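The lines below spell out each chain.
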Amino acid sequence: MNTLVTLTDEQSMIADAVADLTAEYDHDYWQTCCREGHFVDELWAELGELGFLGIAVPEKYGGEEMGIPALATLIETFAAHGVPLLAFLSTTTMAPLPIIEYGSDNLKNRFLPGIASGDLRFAFAITEPHSGTNASRIRTSATRDGDEYVVNGEKTYITDAAGADYIQLVTRTTPYEDVANENPYHGGTLLVVDTDADGIETSPLDVSIPEPSGQYTVHFDDVRVPVNNRIGREDAGFSHVFSALNPERVVTAALAVGLGRFVIEKGADYANDREIFDAPTGSYQGVQHPLAGAKVAVEQAALTLQTAAAAHEAGQRNAAAAANVAKYAASEAADKAMDAAVQALGGNAFSHDYPLAALRDWTRFLRIAPVNNEMVLNYVGENLLDLPRSY
Ligand SMILES: Cc1cc2nc3c(=O)[nH]c(=O)nc-3n(C[C@H](O)[C@H](O)[C@H](O)COP(=O)(O)OP(=O)(O)OC[C@H]3O[C@@H](n4cnc5c(N)ncnc54)[C@H](O)[C@@H]3O)c2cc1C
C-alpha cells in the first residue's frame, strides 16, 4: 500500500506484525465473526500473547509501555486490512488509561495485567438514552452504602457489554440538578463493575454496523459495587474520563485512516479490473479523480494523526487540538473515501460478496462517535479561533 507517512522503527515493527497476522485474521475472518455474532477470540488471544493488548499499559503491570503512537499504528493497520475493532477503543484505550492515571495500586494490580494479557475485556459505558453528546446529563446513580455503592440506571450503545468481564461505568454520585449552575461536570464517579454482578441485565441492540463485539443496552438494578472499585475520586469521575478522550480521538482517527486506505484500495483494484467499454473504469476521470482526491484526504489525515499521537506522547500543550483535528480530518476523509469507492464499484458496492457493503455505515459512524464532528468543530471554533461557545 502506498502511503506518505514515515513510521518509527517501533511503529514499523507493529505494522509488519499486524500485516502478518492478517494473513490468517483477515477481512473474511472479521466478517464471519460479525455474521455469526461472536468476538474475535482467537485473534485477541494471539494479540495478548504478542503483547499488543498492553501497548498502553506500563511494563510494571505486564504491558509494553509503547504509548499512543504505537497503539494508533496497531489499530490503523488492522483497519487497513479490513479488520476494524471497537474493542481496541474500549479495552486497550478507555479502560486502562484512567486506571493508569488515577487508579489505586489495588486497581492497577487487579486489572492492568489482565488487560495486557488479553484475559480481561472491558466495556466503557457513558452513553444513556437521554444523554449522548451532553454527558453531564447522565442519570445512572451510585449511592454510597457502607463499603459499597448501589448503582441504578441504564446505559445504551455499549460496545462489548455482553462479552466483557468488566464495565468501566460513568455514574453520578451527585445529581446534575445539584451542580448544574456551578459545574455541570462535577458529581460524576467512575466505577469498575463486574458484569457478573447481580442486578445487571444486558440486551443486544440491532445496529447496522457489523462489529464482532456488538452493542448493548445495560440495565443496573441495585447493583452493588465495592468502593475500592472506584477509579480516582468520588465526584471527579468526569475529569478522569476526559483525560482519556484525547487518546481516544487519536485512536479513532487511526481507525478511520485505516478504513479509508482499505476502501480506496478496494475501489482502485476494482476500477483497474473492470472493463465495461474498452478500458478499465479507473481510466475514466469520473472514477479516478474521486479516488485520487480521497487518497489525498486520507494521507493528509494520516500525517495529522502522526502529529497528534506524537503531541500526546510528548505532553505538548497543543495535544488536545491536534487530537481533535486528527479525528475530524480522518473521519471525514474515510467517509469521502467510502463514497468514491462505492461509486467505483457501482452496483457491486451493495453486494455482500464485495467488502464495501459491510463497511459503508462504519465510515459514516466515525463522523458521529465517539465524539461527533460538530463537537470537534465547536472545540476548534472556541479554542483555535477564540469564538464564543455556540451551545
Ligand atoms: C456502533 C456504536 C458503538 C458505540 N459504543 C459506545 C460505547 O462503547 N460506550 C458508550 O458509552 N457509547 C457508545 N456509543 C454511543 C456514542 O458514543 C454516541 O452515539 C455518540 O456519543 C453521540 O451521542 P448520541 O447518539 O446520543 O447523539 P446526540 O447527542 O443525540 O446528538 C445527535 C447529533 O446532534 C448534533 N449535535 C449534538 N450536540 C451538538 C452541539 N453542541 N453542537 C452541534 N451539533 C450537535 C451532532 O451532529 C450529533 O450527531 C456507540 C454508538 C454506536 C452507534
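Just so it is clear, the model here is predicted, and its values are computed rather than measured.

Draft legend 1. Quick look at the overall build of the protein. When helices and strands are counted, the protein shows 14 helices and eight strands. Relative to its length of 391 residues, the protein is compact, with a C-alpha radius of gyration of 21 Å against a globular reference of 21 Å. Principal-axis analysis of the C-alpha atoms gives the protein an extent of 80 × 50 × 40 Å. For the protein, buried positions account for 54% of its 391 residues. In the protein, the proportion of contacts linking residues at least 24 apart, taken out of those at least 6 apart, comes to 74%. When the accessible surface of the protein is totalled, it reaches about 17,100 Å², and 46% of it is carbon and sulfur. One finds the centroid of the 25 positive side-chain charges in the protein at a distance of 8 Å from the centroid of its 55 negative side-chain charges.

Draft legend 2. Layout of the site of the ligand. Taken together, 19 residues are adjacent to the ligand, and Phe124, Thr127, Thr133, Tyr157 and Glu374 come closest. Between the ligand and Thr127 there is a distance of 2.7 Å, counted from a nitrogen atom to a side-chain nitrogen or oxygen. Taking Thr159, its side chain carries an N or O atom lying 2.9 Å from a nitrogen atom of the ligand. Contact with the protein chains removes 67% of the 970 Å² of surface that the ligand exposes when unbound. Breaking the shell around the ligand down by element, the ones donating at least two residues are β1 (122-125), β3 (148-159) and α14 (373-383). Tallied by class, the residues present in the shell around the ligand amount to eleven nonpolar, seven polar and one charged. When we break the shell around the ligand down by domain, the ones giving at least three residues each are domain 2 (122-235) and domain 3 (242-383).

Draft legend 3. Molecular detail of the environment of Val250. Along the chain, Val250 falls in helix α10 (residues 245-273). Classification of Val250 as buried rests on a relative accessible area of 1%. When the C-alpha positions of Val250 and Ala308 are compared, they lie 6.6 Å apart, and in sequence the two are 58 residues distant. Leaving out residues up to four positions away in the same chain, Val250 has contacts with Ile68, Ala72, Leu305, Ala308, Ala309 and Ala323.

Draft legend 4. The arrangement of the nonpolar core in detail. Of all hydrophobic cores here, the largest spans 104 residues; its most connected members are Leu43, Leu47, Leu74, Phe78 and Phe88. In contact with Leu43, other than residues within four places in its own chain, are Tyr25, Tyr29, Phe78, Val83 and Leu85. Ranked by size, the runner-up nonpolar core spans 19 residues in total, among them Tyr149, Ile158, Ile200 and Phe220.

Draft legend 5. Geometry of the side chain of Asp335. Among the secondary structure elements, Asp335 is positioned in helix α12 (residues 319-345). A polar contact is formed between the side chain of Asp335 and the side chain of Thr363, at a distance of 3.0 Å. Excluding anything up to four places from it in sequence, Asp335 contacts Thr363, Arg364 and Arg367.

Draft legend 6. Spotlight on helix α11 (residues 285-313). With 29 residues, α11 should reach 42 Å at 1.5 Å per residue; the first-to-last C-alpha distance of 41 Å fits that figure. Once α11 ends, the next one or two residues include Gly315, with phi positive near 65°.

Draft legend 7. The arrangement of the pattern of salt bridges in detail. By the definition in use, this model includes twelve salt bridges. Of the charged contacts in the structure, one is a salt bridge between Lys155 and Glu128, with a shortest N-O distance of 2.8 Å. Residue Lys155 is found in strand β3, and its partner Glu128 is found in the loop between β1 and β2 (141-145); the two are separated by 27 residues along the sequence. Residues Lys155 and Glu128 agree in their burial class; the two are buried. The network of salt bridges with shared partners includes Glu76, Arg261, Lys295 and Glu299.

What counts and what doesn't
Residues numbered from 1 in each chain as written. Predicted model: local features only at pLDDT ≥ 70, side-chain atom pairs only at ≥ 80, totals over all residues. Heavy atoms only, no water. Helix = DSSP H or I, 4+ residues; strand = E, 2+ residues; numbered from the N terminus. Rg over C-alpha atoms; globule rule 2.2 N^0.38 Å. Buried < 20%, exposed > 50% of the residue type's maximum accessible area, 1.4 Å probe, protein only. Contact = heavy atoms within 4.5 Å. Areas by Shrake-Rupley, 256 points an atom, 1.4 Å probe, with all protein chains shown as cover. Lys, Arg positive; Asp, Glu negative; His and termini not counted. Charge placed at Lys NZ, Arg CZ, Asp CG, Glu CD. Near = heavy atom within 4 Å. Polar contact = N/O pair within 3.5 Å; in protein donor to acceptor, adjacent residues only side chain to side chain. Nonpolar A, V, L, I, M, F, W, Y, C, P; charged D, E, K, R; others polar. Domains from an automatic or database assignment. Core = buried A, V, L, I, M, F, W, Y, C linked by side-chain atoms within 4.5 Å. Expected span 1.5 Å × (residues − 1). Salt bridge = Lys/Arg side-chain N within 4 Å of Asp/Glu carboxyl O.

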